[in-house]
Amino acid sequence: MSRIGRAPITIPAGVTVKIDENNLVQVKGPKGELSRKIHQDMKITVEDGVLTVTRPSDDKVHRSMHGLSRTLINNMVVGVTQGFTKNLEISGVGYRATKQGKNLSLALGYSHPVVIEPPAGITLDAPTATTITVHGIDKELVGAVAADIRGKREPEPYKGKGIKYAGEHIRRKEGKAGAKGK
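Asker: If you had to explain the packing of aromatic side chains to someone new, which residues and values would you point to?
Answerer: Throughout the structure, instances matching the rule amount to zero aromatic pairs. A cation over a ring is seen here: Lys86 above Tyr165, with NZ or CZ 5.2 Å from the ring centre.

Asker: Which residues make up the environment of Arg36, and what values go with them?
Answerer: Along the chain, Arg36 turns up in strand E4 (residues 32-37). Residue classification places Arg36 among the partly exposed residues on the basis of a relative accessible area of 27%. Along the chain, Arg36 and Ile73 lie 37 residues apart, while their C-alpha atoms are 8.2 Å from each other. Excluding residues that lie within four positions of it along the chain, Arg36 makes contacts with Asn23, Leu24, Val25, Leu72, Met76 and Glu140. In terms of polar contacts, Arg36 uses its side chain to reach the side chain of Glu140, at 2.9 Å.

So, how was this worked out
- Residues numbered from 1 in each chain as written.
- Predicted model: local features only at pLDDT ≥ 70, side-chain atom pairs only at ≥ 80, totals over all residues.
- Heavy atoms only, no water.
- Phe/Tyr/Trp six-rings, centres within 6.5 Å; stacked < 30°, edge-to-face > 60°.
- Lys NZ or Arg CZ within 6 Å of the ring centre and 35° of its normal.
- Helix = DSSP H or I, 4+ residues; strand = E, 2+ residues; numbered from the N terminus.
- Buried < 20%, exposed > 50% of the residue type's maximum accessible area, 1.4 Å probe, protein only.
- Contact = heavy atoms within 4.5 Å.
- Polar contact = N/O pair within 3.5 Å; in protein donor to acceptor, adjacent residues only side chain to side chain.

Have a look at this one:
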C-alpha cells in the first residue's frame, strides 16, 4: 500500500472541494480556484472535512496513480490556502532584474533586455536587483515559470554566472591550467 496514497487530506475551513462523476476535482479557497482531472479508476471521497483517495486494485497502474492522485489533490488544497513560491538568484557582473508593471525585465549580458510576461495566476517580483520571486496557487505552473526564467541564462560552471534557484548548488569546474614547461 502506498504510504502517501493512504494518508488522508484534512480540508481546512474556508475550502470547498467538489468531485464530479468523471473525477474532476474542483478546489475553491481564499486565494483562488483550481480544478484537475484525476485518473478515472481512483475513488475519491470527502467525509467530515477529510478527503481520502483509494485504489480499486493492486495493479501496477493503480499503485502508481494512488500516491500521485493524493499528492495532486493535496497540492491543490495547499495552493488555494497558502500558495507556492519559488525564489531565484542572479549572479554575474551587470546581471539584474527589474519589475516593469507586472512584467519582469532581465539584463543578462545579451544585447537586449529579456522581458518575461507572467501567465495568468502567476505574479513575478524582484525584491532586489539580484533576486526574483515567483508566486502562484498552482505548484506545477510556479515551477514551470521558475524553470523558464532560469533557462534564460543557466548558471555556468566556471564562474557561476547566471540564474539559479535559491539554495541550488552549482558544481564548479577549474579553468585552463595554462602552458607549463614550454
